[in-house]
Amino acid sequence: AQRVTQPEKLLSVFKGAPVELKCNYSYSGSPELFWYVQYSRQRLQLLLRHISRESIKGFTADLNKGETSFHLKKPFAQEEDSAMYYCALSGMGGGSNYKLTFGKGTLLTVNP
Amino acid sequence: SAVISQKPSRDICQRGTSLTIQCQVDSQVTMMFWYRQQPGQSLTLIATANQGSEATYESGFVIDKFPISRPNLTFSTLTVSNMSPEDSSIYLCSVSLSRTSTDTQYFGPGTRLTVL
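The structure reproduced in this document is the subject of the present report. Predicted model only: the values in this text are computed from it and were never measured.

Contacts between the two partners involve 20 residues from chain B and, on the opposite side, 19 residues from chain A. A combined buried area of about 1700 Å² lies between chain B and chain A, and 52% of that area is made up of carbon and sulfur atoms. Where chain B packs against chain A, one counts zero salt bridges. Where the side of chain B that touches chain A is concerned, the elements lending two or more residues are β4 (31–37), β5 (43–49) and β10 (105–107) of chain B. A per-element tally of the side of chain B that touches chain A places β4(B) first, with four residues. For the side of chain B that touches chain A, the per-class residue count stands at eight nonpolar, ten polar and two charged.

In structure tokens form, the structure reads like this:
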């Protein structure tokens, strides 16, 4: 079974401070991991995916298969980063592996 | 990318009635999905809407309760049947532009349903 755990429901940091949103997963095959973000009054959208190995809006996330983690990090948080962040997992290769499983989300608040 | 609209954006319904939610995409897509987000919970996949065939439902969701239509490559509907207060949720439509949904999924704005 696929499972995604985001241990922090709420995370509050000050502007300019580093931020790390934790995500752990459980999956027996090769996973594909995503971070989705939902800003206030906007729809859910992709922030980044591990396969792209990109930095988006200063955020990075590294897949650690040994620790089964995909933590989202940013060295200097900005107020506009305040949003709900969801970690999600899918199996690779299509077919019945495609299902996206979401964590419960972490609400990040960046204070001025 | 894809632009997705949903109708209605919100509704308040009486117990025992049914509501049909529409999802419209601005381009032809292979894969469309329906999710539910109950209050304080994460998104849960209800089913995959397949064009030209029956939807594929996830464990815990059945066609009689959540019938889905997918008449073409740009449109789908989800009906929430015989509603109870436990069906109060946000219902979201999403699409994937590739044949494997390990590609990015694009989400609609959601339909907020309250059942009294």
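Residues and elements named next belong to chain A. Relative to the assigned elements, Ala61 resides in strand β7 (residues 60–61). Overall, Ala61 belongs to the buried group, its relative accessible area being 13%. Sequence separation between Ala61 and Ser40 is 21 residues, and the spatial gap between their C-alpha atoms is 22 Å. When near neighbours in sequence (up to four residues on either side) are disregarded, Ala61 contacts Trp35, Leu48, Phe70, His71 and Leu72.

What follows concerns the packing of aromatic side chains. Counted under the stated rule, the structure contains ten aromatic pairs over all chains. Plain terms: the ring middles of A:Phe102 and B:Phe107 are 6.0 Å apart, the flat faces sit at 75° to each other, and that makes the pair edge-to-face. Taken together, the positions of A:Phe102 in strand β10 (residues 101–102) and B:Phe107 in strand β10 put the pair across two chains. For the pair formed by A:Phe102 and B:Phe107, the shared burial category is buried. The interplanar angle of 65° and the centroid separation of 5.6 Å between the aromatic rings of B:Phe61 and B:Phe66 together place this pair among those described as edge-to-face.

Glancing now at the sheet that holds strand β3 (residues 19–21) of chain A. Either a parallel or an antiparallel arrangement is found when strands of a sheet pair, and the pairing is made through backbone hydrogen bonds. All names here are of chain A. As summarised here, the arrangement of the three strands in space is β3-β8-β7, forming an open sheet in which the pairing is antiparallel. Each edge of the sheet is formed by a strand with only one pairing partner; in this case those strands are β3 and β7. Of the strand pairs in this sheet, β7 and strand β8 (residues 72–74) are connected by two bridges, and their pairing is antiparallel. From the neighbouring strand, Ala61 faces β8, where its bridge partner is Leu72.

How each quantity is defined
- Residues numbered from 1 in each chain as written.
- Chains lettered and ligands numbered in written order.
- Predicted model: local features only at pLDDT ≥ 70, side-chain atom pairs only at ≥ 80, totals over all residues.
- Heavy atoms only, no water.
- Contact = heavy atoms within 4.5 Å.
- Buried area = accessible area lost by both parts, 1.4 Å probe.
- Salt bridge = Lys/Arg side-chain N within 4 Å of Asp/Glu carboxyl O.
- Helix = DSSP H or I, 4+ residues; strand = E, 2+ residues; numbered from the N terminus.
- Nonpolar A, V, L, I, M, F, W, Y, C, P; charged D, E, K, R; others polar.
- Buried < 20%, exposed > 50% of the residue type's maximum accessible area, 1.4 Å probe, protein only.
- Phe/Tyr/Trp six-rings, centres within 6.5 Å; stacked < 30°, edge-to-face > 60°.
- Pairing = 2+ DSSP bridges.

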